[in-house]
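Residue strings, one per chain:
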Amino acid sequence: EDQVTQSPEALRLQEGESSSLNCSYTVSGLRGLFWYRQDPGKGPEFLFTLYSAGEEKEKERLKATLTKKESFLHITAPKPEDSATYLCAVQPVSLGRGSTLGRLYFGRGTQLTVWP
Amino acid sequence: DTGVSQDPRHKITKRGQNVTFRCDPISEHNRLYWYRQTLGQGPEFLTYFQNEAQLEKSRLLSDRFSAERPKGSFSTLEIQRTEQGDSAMYLCASSRTRDGQETQYFGPGTRLLVL
């Protein structure tokens with residue numbers, strides 16, 4: 001069964017203290033791995049898509065990397081406004097017979113708090 | 001793009017009542033997804049449409065749940081005879097497939113509380 005596990009569940013950082021969030025996955029075949037940011041009471045906001053092992057993407061203080069079994073979201077010199085829950089999701093490859101299943105399987109998220 | 005919109009943003013209802021939520025996707029997005037999220041959990045897939053066709057439904061979607069997407073535009077999710085366990089955030093996402101790749105963009109969600 002396809003599974004996504006994120007760690008740690010919660011992370012508290014001082015402003016400027018860099019760290020990494022982990023997302024490990026078990027999927028029959030990976031079409032894409034997605035990172036989203038979610039603020040309290042709001043819908044997830046898209047950050048990155050990674051498609052193949054070795055791929056990296058950056059946006060401001062965030063950098064996402066992908067291996068065959070896990071992905072990391074590196075946060076460099078975080079600021080209080082980076083505080084949010086970060087969600088990882090995988091999209092398995094579609095089955096045969098022309099089907100194009102697109103559902104995402106999400107982890108439970110890492111709740112990041114950055115204090116001044 | 002104006003983004004995915006959902007209505008209402010909040011709904012409080014009594015157990016046994018029916019509720020209906022609406023989702024308006026990003027224009028020209030051919031796929032529309034419904035997810036449900038409870039506190040401390042990631043979103044869980046419910047169902048999705050490609051244009052007006054409902055292509056997949058999760059086992060989570062009991063027979064009290066029904067979704068439609070007439071004319072491949074907006075979508076509605078109806079829950080009949082609501083139960084307290086239906087209390088959750090209902091999220092809608094839309095996407096457009098291109099070269100076998102797609103990114104799902106989420107709306108703000110509808111928070112349902114069943115008393």
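Let me sum up the structure you'll find in this document. (Residues numbered from 1 in each chain as written. Chains lettered and ligands numbered in written order. Predicted model: local features only at pLDDT ≥ 70, side-chain atom pairs only at ≥ 80, totals over all residues. Heavy atoms only, no water.)

Further remarks concern the pattern of salt bridges. Applying the stated criterion across every chain yields a total of 10 salt bridges over all chains. The residue A:D39 makes a salt bridge to A:R37 at a minimum N-O spacing of 3.1 Å. Its relative accessible area of 15% is what places A:R37 among the buried residues. Residue A:R61 pairs with A:D82 through a salt bridge whose shortest N-O separation is 2.8 Å. A residue pair is termed long-range when its members are at least 10 positions apart, and A:R61 in the loop between β6 (56–59) and β7 (62–66) and A:D82 in the loop between β8 (70–75) and β9 (84–92) qualify at 21 residues. Residue A:D82 is classed as buried on the basis of its relative accessible area, which comes to 7%. A single network of salt bridges, built from pairs that share partners, joins B:R64, B:E83 and B:D86. (Salt bridge = Lys/Arg side-chain N within 4 Å of Asp/Glu carboxyl O. Buried < 20%, exposed > 50% of the residue type's maximum accessible area, 1.4 Å probe, protein only. Helix = DSSP H or I, 4+ residues; strand = E, 2+ residues; numbered from the N terminus.)

A separate point is the sheet that holds strand β1 (residues 3–7) of chain A. Residues and elements named next belong to chain A. Spatially, the five strands line up as an open sheet ordered β1-β3-β8-β7-β6, and their pairing is antiparallel. In this open sheet, the two strands that pair with only one neighbour each are β1 and β6. Taken pair by pair, the neighbouring strands of this sheet meet at an average axis angle of 15°, ignoring direction. Pairing geometry for strand β3 (residues 19–26) and β8, over six bridges, is antiparallel. Bridging from a neighbouring strand, S24 pairs with E70 of β8. (Pairing = 2+ DSSP bridges. Axes fitted to C-alpha atoms, helices over the stretch in contact; angles between N-to-C directions.)

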